[in-house]
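Listed below, chain by chain, are the residues.
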Amino acid sequence: MSKCEQCIIKQFNSLKSLTKEELVRISSCKTSKVIKKGEVIFEEGDTLNGVYCVKDGVCKLSKLSENGKDQIVKMVVKGQLLGQRSLISDESSNLQAVALNDMEVCFIPKSEIIADLQKNPKFSFDVLQDMANDLKEADDIIVNMAQKSVKQRLAEALIYINDSFGVNPDGTLSVLLSREDYASIVGTATESAIRVLSQFKKEGLITTVGKFIKIEDLNGLRRVE
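What counts and what doesn't
- Residues numbered from 1 in each chain as written.
- Predicted model: local features only at pLDDT ≥ 70, side-chain atom pairs only at ≥ 80, totals over all residues.
- Heavy atoms only, no water.
- Domains from an automatic or database assignment.
- Contact = heavy atoms within 4.5 Å.
- Buried area = accessible area lost by both parts, 1.4 Å probe.
- Axes fitted to C-alpha atoms, helices over the stretch in contact; angles between N-to-C directions.
- Helix = DSSP H or I, 4+ residues; strand = E, 2+ residues; numbered from the N terminus.
- Parallel < 35°, antiparallel > 145°, perpendicular 65-115°, else oblique.
- Left-handed = near helix turned anticlockwise from the far one by under 90°.
- Pairing = 2+ DSSP bridges.
- Expected span 1.5 Å × (residues − 1).
- Buried < 20%, exposed > 50% of the residue type's maximum accessible area, 1.4 Å probe, protein only.
- Salt bridge = Lys/Arg side-chain N within 4 Å of Asp/Glu carboxyl O.

The name an unreviewed UniProt entry gives the chain is Crp/Fnr family transcriptional regulator, with Algibacter amylolyticus as the organism.

Time to look at the domain arrangement of the chain. You can read the domains of the chain as domain 1 (4-145) and domain 2 (148-222). The gap between the C-alpha centroids of domain 1 and domain 2 is 26 Å. At the junction of the two partners, domain 1 supplies 13 residues and domain 2 supplies 15 residues. For the pair domain 1 and domain 2, the two sides together bury roughly 1100 Å², of which 58% comes from carbon and sulfur. The largest contributions to the domain 1 side of the interface with domain 2 come from I72, M75 and N144, which together make up 45% of the buried area.

Moving on: the packing of helix α5 (residues 150-165) against helix α6 (residues 179-186). Direction vectors running N to C along α5 and α6 enclose 110°, while the axes themselves pass 9 Å from each other. Between α5 and α6, the angle falls in the class roughly perpendicular. Judged by the sense of rotation from one axis to the other, the crossing of α5 with α6 is right-handed. Contacts between α5 and α6 involve R153, L154, A157, L158 and I161 on the former and, on the latter, Y182, I185 and V186.

Here the focus is the sheet that holds strand β1 (residues 31-35). Through backbone hydrogen bonds, the strands of a sheet pair up, either in parallel or in antiparallel fashion. Taken in spatial order, the four strands make up an open sheet running β1-β8-β3-β6, and their pairing is antiparallel. Each of the sheet's edge strands pairs with one partner strand only, and the pair in question is β1 and β6 (81-82). Together, β3 (50-56) and β8 (103-109) form the strand contacts of helix α3 (residues 110-119), whose direction differs from that of β8 by roughly 65°.

Our next topic: α5. Under the 1.5 Å per step criterion, the end-to-end length of α5 is 22 Å for 16 residues, consistent within 8% with the ideal 22 Å. Turning to α5, its buried residues are R153, L154, A155, A157, L158, I159, I161, N162 and F165. Just downstream of α5 lies G166, where phi reads positive at about 80°.

Moving on, we come to the pairing of strand β7 (residues 96-99). What you see with β7 is no split at all: Q96 and V98 on one side and A97 and A99 on the other are buried throughout. As paired elements, strand β2 (residues 40-42) and β7 share two bridges and run antiparallel to each other. Of the residues in β7, the one forming a bridge with F42 is A97. Judged from the four bridges that link them, strand β4 (residues 59-64) and β7 form a sheet pairing that is antiparallel. Opposite S62, over in β7, you have Q96 as the bridge partner.

On to the pattern of salt bridges. Scanning the model with the defined rule gives ten salt bridges in all. Of the charged contacts in the structure, one is a salt bridge between D126 and K122, with a shortest N-O distance of 3.0 Å. One end of the pair is D126 and the other is K122, both in helix α4 (residues 121-147) and four residues apart, which spans about a single turn. Assessed through its relative accessible area of 47%, K122 is described here as partly exposed.

Here it is, written out as structure tokens:
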């Protein structure tokens, strides 16, 4: 189990603002665990008694709508924290977190994080900045849903995955998402997502290798209307 004060991952989230003494204390009480692909990290409505620091892997945050459909709100990657909002608001989780591939996370108890929020202004400010960025992303999602076509939203989702997570050695997107996941990201029916992806293939924008997608014309995707 790596020590927090020596872990490079903290440089990518608000934990970088903690002092060495605070990191040593957190390191002594955190727990590390491996989460398998498809495993639920926490459910919507769960009470979170701490935060998760993602050391490796990717997970999706989604919310179940009244009609029983999942809406993917965000994908959380290596270096980011899970559960900050529930921790500060002292409310149950508003979202479900599911691993998209094998993950390694560290769980930090709520009592330790709260103590640092109260004593370390820089840490508190960075946590608030992260939450403000989440709100901005949520605003952008609402605008996109209202103003952009399914084709535009799906093209932007592919570009986002390419830019954020990179590709495999064969050029396919490194994150494998189901067609249902793509539909959940853009807020449409699975059938519509499949139809648009097929159209992208016919237009030479993407190809598929098994279940993986490979972007052939990135600029072409950016021009989709």
